[in-house]
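Commentary on secondary and tertiary structure
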Number of protein chains: 2
Amino acid sequence: MKPQMQFAPVCPIPIMEYPTIQMAHGGGGRQMHKLIEDFFVPAFQNPLLLDRHDGAVFDVGNARMAFTTDSYVVKPLFFPGGDIGSLAVTGTVNDLAMCGARPLYLSAGFILEEGMETEKLWRIVQSMKRAADEAGVYLVTGDTKVVDRGKGDEIFINTAGVGVIEHELVIHPKAVQPGDAVILSGDIGRHGIAIMAAREGLEFETEITSDCAPLSPVVQNLLGEGIDIHCMRDLTRGGLASALIEISEVCDRQILIEEASIEVREDVRGACEILGFDPMYLANEGRFVLFVPDAHAERGIEMMNSCGGDSVAARIGTVNSGPQSVLLKSVIGSTRIVDMFSGEQLPRIC
Amino acid sequence: MKPQMQFAPVCPIPIMEYPTIQMAHGGGGRQMHKLIEDFFVPAFQNPLLLDRHDGAVFDVGNARMAFTTDSYVVKPLFFPGGDIGSLAVTGTVNDLAMCGARPLYLSAGFILEEGMETEKLWRIVQSMKRAADEAGVYLVTGDTKVVDRGKGDEIFINTAGVGVIEHELVIHPKAVQPGDAVILSGDIGRHGIAIMAAREGLEFETEITSDCAPLSPVVQNLLGEGIDIHCMRDLTRGGLASALIEISEVCDRQILIEEASIEVREDVRGACEILGFDPMYLANEGRFVLFVPDAHAERGIEMMNSCGGDSVAARIGTVNSGPQSVLLKSVIGSTRIVDMFSGEQLPRIC
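Residues numbered from 1 in each chain as written. Chains lettered and ligands numbered in written order. Predicted model: local features only at pLDDT ≥ 70, side-chain atom pairs only at ≥ 80, totals over all residues. Heavy atoms only, no water.

Some thoughts on the overall build of chain A
- The helix and strand tally for chain A stands at eight helices and 14 strands.
- For 350 residues, the compact-globule estimate of 2.2 N^0.38 gives 20 Å, and the C-alpha radius of gyration of chain A, at 20 Å, lies within 12% of that figure.
- Here the C-alpha coordinates of chain A stretch approximately 60 × 55 × 40 Å along the principal axes.
- Taking contacts inside chain A between residues at least 6 apart in sequence as the whole, the part at least 24 apart equals 84%.
- Working note: accessible area of chain A is about 12500 Å², and carbon and sulfur atoms make up 51% of it.
- Each charge class in chain A can be summarised by its mean position, and for the 28 positive and 48 negative side chains these summaries are 4 Å apart. (Helix = DSSP H or I, 4+ residues; strand = E, 2+ residues; numbered from the N terminus. Rg over C-alpha atoms; globule rule 2.2 N^0.38 Å. Contact = heavy atoms within 4.5 Å. Areas by Shrake-Rupley, 256 points an atom, 1.4 Å probe, with all protein chains shown as cover. Lys, Arg positive; Asp, Glu negative; His and termini not counted. Charge placed at Lys NZ, Arg CZ, Asp CG, Glu CD.)

Here it is, written out as structure tokens:
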């Protein structure tokens, strides 16, 4: 007889900050990191998972591969500049790109709520197709589940992706060195504000559209040009601030950035002021930070800006040898520590 | 400027049987297949997706890989013989095994409902860890999202998996040949009845536990022994009947099976009679059908039964040269056509 599953914990339950799951556990801030560190890391501990990277990197035969996943629960499903379908493809493509991989294949798992209009599903599927075409990936395997009315929210999509790494670079937070230039690929905050505006029915003078776009073309260009990439990170949940803090923690370096060089569009800045958001923490779906040696910074920025797109890359700071911290030099010259946010800034953003 | 996403369909919306999603669209029967054929196949058409296999198979470098995904929405979360965690690991491991791959790495995407007890999450994560250890796979990358109370159902889990194919066989429904033996790996119907009993609070004289178990060890043994596997399929949603019908459709052959050789435990048969279920359509999570040349059948069965486990493999039929159909020779000698079920037999079974 097969042994019965035992439900006794293999490791003791860690002291829990919350007896129940809160929205903040999915927010990309301090609580989410605590949940991951307390629950998932001890259970599944293995060298690949402990890497704290956007995806896992491993060898199969003579191929070096990257593998990543994300679930998408964005609300509303459709927003200026995209929808849950384009997001589900682009987000996973971008995680592969951030590992330095060329995205190859995606899977898609749909959780549909009974009663969802099939016409919406059709639009979402078409949007996934277009996003996959744009990023040059194939959706090769999938799954569909339906849950009873009131037990879902129209549609949740999970995508996982595999990509191939075709260079010898080690792209990782640990590879970040003192003296490295920190380059931001464009303006920040648009995805977060676009979602918020669509959700709350807010109208601004100009329509703020999500920056949702595949990052693999620009990354492939940087690699093709021989830019010595040390690290990349896309600026999704938790925004620029959280990405920099995570990288600073893993490489144990000080990252000093200058507020004046971080581009925030005027309309986004205005919306942030009205809504009480800090653009540093807002989610983006087509922006990333790049760490390269100082000598490669100028050519890297040139390459990024030659790819077209709707934004301008710029150097925003430098890595110093100090202990882990992210320091922001403000427009008026003062310097403050950038901290990971606590609580929930903006739920269901992706 | 980035072009605005266009929501105009790339292909026209197919004539829709339903204007809204129904539970049956996730049931593994006729409606689910129609949704996939109408929506997903035309949008994402590519040779790998069109393969109608349990996963996609492709080459990267000198490695032949398999890639698959499933979302798990089973209700209740805990049931005799397993829980959503063990199911999420085992189900994806089994899909890789059915492609003839050795499972290597899994991803896990969690969609948690605000208010879920963290103690439950802990038990589920521990169960995933044990299932991964048992199957010899590593969980290497993950994602956590939280949705508002009332917009989920405690927890949904998606897993995707990658495996490596280390043999030259082409394991696929199209490889099925007239004369092939059809071998069933054990008794059927237990997972479906275990879920149903747990959900409805039914009690039987004996506890019926799910058959949930990883199939990769037995498949690796069969491959290691040089059994010429033509096709394998695990018997999840839709059960034995749907698996045979799908294979028959793809290989365009007649499959003749004998009811008397299909093992259904007495307590499962009794429960089916009370509940009005046909065991042929009930979901299993540790059973598969194997197609091999007649000359390899005996040795294959021997190998399967030497792996231990709680069930006995047996030959249940033969592939004939006729056009696609599945015929069941009943205990009393009559023969009937086995058809794909319509509607929803048992929702949220996996």
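Let's pick the thread back up.
Concerning the pattern of salt bridges
Residues and elements named next belong to chain A.
- Throughout the structure, instances matching the rule amount to 37 salt bridges over all chains.
- Asp-153 is the partner of Lys-75 in a salt bridge, and the nearest nitrogen-oxygen pair spans 3.5 Å. With Lys-75 in the loop between strand 2 (63-72) and strand 3 (78-79) and Asp-153 in the loop between strand 6 (138-147) and strand 7 (155-165), this residue pair connects regions lying 78 residues apart in the sequence.
- We note a salt bridge from Lys-145 to Asp-143, for which the minimum N-O separation is 2.9 Å.
- Taking relative accessible area as the criterion, Asp-143 reaches 6% and is therefore assigned buried. (Salt bridge = Lys/Arg side-chain N within 4 Å of Asp/Glu carboxyl O. Buried < 20%, exposed > 50% of the residue type's maximum accessible area, 1.4 Å probe, protein only.)

Some details on the relation of the copies chain A and chain B
- Take chain A, turn it by 180°, move it 0.0 Å along the axis, and it overlays chain B with an RMSD of 0.0 Å. Such a combination of rotation and displacement between the chain copies is what one expects of a two-fold axis. Taking C-alpha positions as the reference, the residue of chain A nearest the rotation axis is Gly152(A), at 2.2 Å.
- By residue overlap, the copies meet face to face through one surface: 100% of the interface positions of chain A are interface positions in chain B. (Least-squares fit on C-alpha atoms with pLDDT ≥ 70 in both.)

A short note on the nonpolar core
- Ranked by size, the top nonpolar core spans 78 residues in total, and within it Leu121(A), Ile155(A), Leu240(A), Ile262(A) and Phe291(A) carry the most contacts.
- Among the elements that take part in this core, helix 3 (residues 118-135) of chain A stands out by supplying eight residues, more than any other.
- Grouped together as the second largest cluster of nonpolar side chains are 77 residues, Phe79(B), Val89(B), Val93(B) and Ala135(B) included. (Core = buried A, V, L, I, M, F, W, Y, C linked by side-chain atoms within 4.5 Å.)

Quick look at the interface of chain A and chain B
- In this complex, chain A contributes 109 residues to the contact, which on the side of chain B involves 109 residues.
- Summing the contributions of chain A and of chain B, the shared interface buries around 9100 Å²; its carbon and sulfur component is 67%.
- Our count for the contact surface shared by chain A and chain B stands at seven salt bridges.
- For Asp148(B), the salt bridge goes to Arg348(A), with nearest N and O atoms at 2.8 Å.
- At the surface where chain A touches chain B, the tally comes to 21 residue pairs in polar contact (both at pLDDT 80 or more).
- Elements with a contribution of two residues or more to the side of chain A that touches chain B: helix 1 (30-43), strand 1 (56-60), strand 2, strand 4 (82-83), strand 5 (102-113), helix 3, strand 6 and strand 7 of chain A.
- Split by residue class, the side of chain A that touches chain B holds 55 nonpolar, 31 polar and 23 charged. (Buried area = accessible area lost by both parts, 1.4 Å probe. Polar contact = N/O pair within 3.5 Å; in protein donor to acceptor, adjacent residues only side chain to side chain. Nonpolar A, V, L, I, M, F, W, Y, C, P; charged D, E, K, R; others polar.)

Describing the pairing of strand 13 (residues 325-329) of chain B
All names here are of chain B.
- Counting buried residues along strand 13, four of its five residues qualify, which places the element largely inside the surrounding structure.
- As judged from the three bridges shared by strand 13 and strand 14 (residues 335-337), these two strands associate in the antiparallel manner. Bridge pairing links Leu-328 to Arg-336 in strand 14.
- In sequence, strand 13 turns back onto strand 14 through a hairpin of five residues, with Gly-333 there showing a positive phi of about 105°. (Pairing = 2+ DSSP bridges.)

Things to note about the packing of helix 4 (residues 190-200) of chain B against helix 7 (residues 266-275) of chain B
All names here are of chain B.
- The N-to-C vectors of helix 4 and helix 7 enclose an angle of 55°; their axes lie 10 Å apart at closest approach. In terms of their interaxial angle, helix 4 and helix 7 are classed as oblique. Helix 7 is crossed by helix 4, and the crossing has left-handed handedness. Within the contact between the two elements, helix 4 uses Arg-190, Ile-193 and Met-196 and helix 7 uses Val-268, Ala-271, Cys-272 and Leu-275.
- Classifying every residue of the contact of helix 4 with helix 7 gives six nonpolar, no polar and one charged. (Axes fitted to C-alpha atoms, helices over the stretch in contact; angles between N-to-C directions. Parallel < 35°, antiparallel > 145°, perpendicular 65-115°, else oblique. Left-handed = near helix turned anticlockwise from the far one by under 90°.)

Quick notes on the pairing of strand 10 (residues 254-258) of chain B
- Taken together, the four bridges between strand 10 of chain B and strand 12 (residues 314-320) of chain B define a ladder with antiparallel strand orientation. Residue Leu256(B) lies in a different strand from strand 12 of chain B, and its bridge partner there is Thr318(B).

Observations concerning helix 5 (residues 216-224) of chain A
All names here are of chain A.
- For helix 5, the full list of buried residues reads Ser-216, Val-218, Val-219, Leu-222 and Leu-223. Seen end-on, helix 5 carries its buried residues on one side only, within an arc spanning 165°.
- In this fold, the buried residues of helix 5 make contact with helix 2 (84-98), strand 5, helix 3, strand 9 (231-234), strand 11 (288-292) and helix 8 (294-306).
- One or two residues past the end of helix 5 sits Gly-226, with phi positive at roughly 80°. (Arc of directions from axis to C-beta.)

Some details on the environment of Val268(B)
Residue and element names in this part refer to chain B.
- Here Val-268 lies in helix 7.
- Overall, Val-268 belongs to the buried group, its relative accessible area being 0%.
- Taking the C-alpha atoms as reference points, Val-268 and Gly-189, 79 residues apart in sequence, are found 6.6 Å from one another.
- Discounting residues that sit within four places of it in the chain, Val-268 has contacts with Ile-188, Gly-189, Arg-190, Ile-193 and Ile-208.

Observations concerning helix 7 of chain B
Residues and elements named next belong to chain B.
- Of all the positions in helix 7, only Asp-267, Val-268, Ala-271 and Cys-272 are classed as buried. The buried residues of helix 7 all sit within an arc of 140° when viewed along its axis, so they share a single face. Of the residues in helix 7, the exposed ones pointing more than 90 degrees away from the buried face are Glu-266, Glu-273 and Ile-274.
- Each element contacted by the buried residues of helix 7 is listed here: helix 4.

What to know about the packing of aromatic side chains
- Applying the stated criterion across every chain yields a total of 12 aromatic pairs over all chains.
- With a centroid separation of 5.0 Å and an interplanar angle of 80°, the aromatic rings of Trp122(A) and Phe39(B) are classed as edge-to-face. Placement of the pair is Trp122(A) in helix 3 and Phe39(B) in helix 1 (residues 30-44), with the two residues belonging to separate chains.
- With relative accessibility at 3%, the residue Phe39(B) sits in the buried group.
- An aromatic cluster of three or more residues is present, and its members are Phe58(A), Phe67(A), Tyr105(A), Phe58(B), Phe67(B) and Tyr105(B).
- Of note, Arg123(A) hangs over the ring of Phe78(A), and the distance from its end group to the ring centre comes to 4.0 Å.
- The ring of Tyr72(B) carries the charged tip of Lys145(A) above its face, separated from the ring centre by 5.6 Å. (Phe/Tyr/Trp six-rings, centres within 6.5 Å; stacked < 30°, edge-to-face > 60°. Lys NZ or Arg CZ within 6 Å of the ring centre and 35° of its normal.)

What is shown is where atoms sit, not what they do.
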